[in-house]
Amino acid sequence: MADRTPVRQTNTARDSGTVFAVQDGDLHIHQRIGTHLIEELEFGPTPPVSGEQPSRLLSAENRVVAFTGRDHEIAELTGWRDGDAAVAVRLVHGGAGQGKTRLAHRFAELSRRAGWLVSRARHSRDVAVRPVEVPAGNAVVASARLLVLVDYAERWPLSDLLALIHDQRLHGGPALRILLLARPLDNWWHGLTHRLSQSLGIHPDSVELAPLGASGADSRSAFEVARTCFAKVLGVTEPITASPPEVGGSVLTIHMAALATVLAARDGDRPPVDPDELSAYLLVRERNHWLAMYENERRIESRPQVIGRAVYVAALTRALDFPAAVEALRLTGVADTSAGASQTLDDHAMCYPPHDPETRLEPLYPDRLAEDFVALQTPGHGVGGFRADPWAGGALTELMTAGPRTVATTLPLLVEAASRWPHLTERHLLPLLRKRPDLAVEAGTVALSALAAARTIPLDVLAAIESMLPPDPPPDLHAGIAAVTERLAADLSRHTVDPVRAARVLQKLGWRLLNAGRIDHGVAMLVEATAATRLLYAEDRAAHAAQFEFALRTLGRAHLRVEDWAEAAGALGEAVGLWSSGDLDSPPPPEEVATCLSELSLALWRTGETTSSLSTRHRAIAQLRRLVTDHPQYRITLVRALIQQADQLRRDKRAGPSLDALDEAVKLLRALTATAEPGLELDFAAALLGRARTLRSLGRLPEADHAAAGAVRVFRNLAGLDIAYDQDLAWALETQSQIHAALGWWTSAVAAQENAIAIHRRLSRINLERYGPALARELIDFARLCRDAGLRYQDALGALTEATTLLNTDHFDPASQDRLRSVAWTLTVDLLDASGRHADADAMRRNEQEPPPPPKARKKSLIGESERRLGRTLGNLSPSAASQRLERLPYIDMAAALIVAVPSRRWLTQLMAHFFPYVQQQIVEALIIHEELLNAPVLLSFVRRRILRLPARHVALLVQHRTSFSIAMAIFPRDDEELRDAVLAELDRHLADRIRRRLASDPPE
């Protein structure tokens, strides 16, 4: 039984930095969203492995087999680790047993020797995380560089994985590296990369781990090393004369074959060659280990059959806390009583000691062995020598239907195992999913993605699963939903001839891909779906008006999400126009009308249409006020519309109406507090910050200070846990500083501004391009405060020097850059005078203006070395194989690799046939970013042909915003007079005139 004595919490410090809240040697971190545990990895001597239990011998953590090979991968990881970035995230992905964990542990060990603090993060679902009070704002490590390993990253809910990476306490040192390990590279990764790019400007990368046995020599070498290590541990001193089998593929497969060879040599057996029989051969010896512990050593009281059933349950549920483990054994009939279950759990823990002493049912490792054990224990396989347990089928059903926690672990393992063991699909998985398709949704995004990727799952089952999807799914489900939808849509596109249905499916898939983080794919699909629906509407307005209106709203919302304001305003405005066209039988539901108007008002505001924006949002607010009378769930939507309206009114110098809107929002928020709706604190903080700014503009400074203090307090609490709120806190502090300066509270004003600067300095280390401009402005504001207050002149001059350095980078638009440089120059002169350095100030005045900025560096090529390597190999691949390599990449990397490949026209045509039209369009839009396109005539010709298919407005967007003038001229549709004139009409007047001049001097042939 587990020790129930109270746990002592201590705070300890290491030489390399300060670690906090250490409990039983583990660092526990608790988040508002999600919970995780971080434990420091230790690399002492290799732990002794007694007995011949195959799972322990094969476990990567026990390091029985010496690490060999992977020199290239270690070197790449080392280069990534030692790069200049303050924060970097990398994913290493590959199939089961490829050696991801072994590689990561070896790299972690080497990193520890290089002076890094090395930790491992585990999700709270896999450990018993006990409540530990940890004060917000403390760093896990104050001075050391930190490397965090996250195994099975694909199993984490996206929000929890983001919470880990955003954890403020990880960001206190000079460098943070987060290394994720996962099997699949699918929608969960796209969602993570998009969300991190949005929240912090972090751009993670990924590396696929190739099989160690990529060549026969590699396989034989790995096999010999493993065989030698196993022979040493098992005490097999006699030379093994059997020739090594022909083994390739994963590291684990090679190690399993080596272990079987050693065991067979010792026992006089013939080692199996077939992979299924190899697993069975080793798992029989796993069973023999339980038998020896029961009959010979008497270390356990449970019969081997009972232990086998507990191992089966553990593989499917993974580690559980003690009460949940007892319930799992009773549910599946492993034990009839709590006392019997407790004894079985203790015996199982003797065989498989848990990582966390507060948990039970530690699963069998490696995963591949656990999956094969589930398959062999479940009736229906044809492997001789391993007797299945008839009990397993019923237990599997019980676990699948026991609730979200259990089905979320059981179903993904079952799908993975079924890819190698067909009887699991035919006799267990499909019958259950046909009866209960809702279980796949309940299991979550990992299960949905696995089912969508499994070609053994027929489309009718996926369609039934899709029918059970919730209408408003949580964000953590988006990746799995997109995977299911994409598989169904791919089949439909091959068989449907109905343009109405095809457009609807394309629209649904586009929106779901957008939700999953595949932004380029999603927007391109929605553009294509809207274009198709527009044609249908043109043919029969009455029949297709509703579908066209919905397509426009959806497309506009997508453009809004990616901050393409002009396109959003165009699509949403056209949708609103249809409401009064007479073509619709009825307008959309009131909540949709209000949402669309609110979104349109934002897009109009961001495109400079202030008057139209205010009037449109006024209509939205009026609609929402009527709506919340009977539907109070829309109060928070009304609150956000009011806050947005107030912000715009304040910027339009209409402080009175702005304050009225904010007062209404605050009143609604206070009424909502009783509902305990999550996220309200953000809306409260936004409303308070808006009030502070508006009250300041009205001269009501004491009230403004009270509101600003409230906003700072809320944002400080949020930022204490999540670094993504740091910039919000900085803005609130800056507002507080301005109010204190207006009140004459100079010391506190300067202090608040310094705090805002410190935040943006930290953020600028993460992404200078995103946060550098804000830092420069805050430094200039700090200098102005010091000048006006008559304080800290030298610090102010230092701040201006730092700001000037930032202003000489490429991260500012030219107008802001010149204006800020002028302000900094003026402040410098004033501060030099104020500090008594009159000669220096006069010297600056004699120069009349600040020195010109240094010349900008010549723009570098966007094609990286990895894309160059891929491009050089593409030409040796078939178009089909090349498409499989390319489809895993972002579009800009696909384009770069194609440019390097210099494809022939025929090869390129065959390659593009493997991609959807929307993918081809995204490749085109990525190609025109690269100047090297001008030196690739086949690709340039391909781009020109695709350009001719686009609407004039789309071509104008590409020419105006997405490419250089030289490429714009190379792809401009000069030979299509109608399209050419329409594009010129859409362009900015100056650019259009420049193109006309070039066309006049270089007429078409």
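Rules used throughout
- Residues numbered from 1 in each chain as written.
- Predicted model: local features only at pLDDT ≥ 70, side-chain atom pairs only at ≥ 80, totals over all residues.
- Heavy atoms only, no water.
- 1 Å grid on protein atoms, 1.4 Å probe; cavity = no way out; pocket = protein on both sides within 12 Å on 5 of 7 lines; lining within 4 Å.
- Points joined across faces, edges and corners; volume = space filled by probe spheres on them.
- Helix = DSSP H or I, 4+ residues; strand = E, 2+ residues; numbered from the N terminus.
- Nonpolar A, V, L, I, M, F, W, Y, C, P; charged D, E, K, R; others polar.
- Core = buried A, V, L, I, M, F, W, Y, C linked by side-chain atoms within 4.5 Å.
- Buried < 20%, exposed > 50% of the residue type's maximum accessible area, 1.4 Å probe, protein only.
- Patch = residues over 30% accessible without salt bridge, like charges linked within 9 Å, V, L, I, M, F, W, Y side chains within 5 Å.
- Areas by Shrake-Rupley, 256 points an atom, 1.4 Å probe, with all protein chains shown as cover.
- Salt bridge = Lys/Arg side-chain N within 4 Å of Asp/Glu carboxyl O.
- Lys, Arg positive; Asp, Glu negative; His and termini not counted.
- Charge placed at Lys NZ, Arg CZ, Asp CG, Glu CD.

- Taking an unreviewed UniProt entry as the reference, the protein chain is identified by name as Tetratricopeptide (TPR) repeat protein belonging to Actinoplanes campanulatus.

1. Regarding empty space enclosed by the protein
In this approach, a probe sized like a water molecule rolls over the atoms, and the result shows the empty space that is left.
Piece 1. Counted by the stated rule, this structure contains five cavities of 30 Å³ or more.
Piece 2. Roughly 120 Å³ of volume is contained in the largest cavity.
Piece 3. Contributing to the lining of the largest cavity are 17 residues, with V87, H171, G172, G173 and R765 lying nearest its centre.
Piece 4. Considering each element in turn, the lining of the largest cavity owes the most residues, three residues, to helix α31 (residues 746–766).
Piece 5. Residues that form the lining of the largest cavity fall into these classes: 11 nonpolar, four polar and two charged.

2. Looking at the nonpolar core
Piece 1. One finds F230, L361, L411, L429 and L451 to be the most contacted residues of the largest nonpolar core, which totals 99 residues.
Piece 2. Here this core takes 10 residues from helix α7 (residues 251–267), the largest share from any one element.
Piece 3. Counting residues in hydrophobic clusters, the runner-up holds 52 residues, among them A896, A926, A952 and A970.

3. A look at a negative patch on the surface
Piece 1. On the surface, D975, D976, E977 and E978 cluster together into a negatively charged patch.
Piece 2. Here D975 is to be found in the loop between α43 (965–971) and α44 (977–986).
Piece 3. For D975, a relative accessible area of 64% corresponds to the exposed category.

4. A closer look at the pattern of salt bridges
Piece 1. Considering all chains together, one arrives at 51 salt bridges under this definition.
Piece 2. Residues D82 and R81 are paired through a salt bridge, measuring 2.9 Å at the closest nitrogen-oxygen approach.
Piece 3. Given the relative accessible area of 41%, D82 is considered partly exposed.
Piece 4. The buried category is assigned to R81, whose relative accessible area is 6%.
Piece 5. A salt bridge links R553 to E549; the shortest N-O distance between them is 2.5 Å. Remark: E549 and R553 occur in helix α22 (residues 541–561); sequence separation between them is four residues, near one turn of the helix.
Piece 6. Of the residues examined, R553 reaches a relative accessible area of 7% and is grouped as buried.
Piece 7. Taking the relative accessible area as the measure of exposure, E549 reaches 3% and is therefore buried.
Piece 8. Here the salt bridges do not stand alone but share partners, grouping R183, R368, E371, D372, E416 and R420 into one network.

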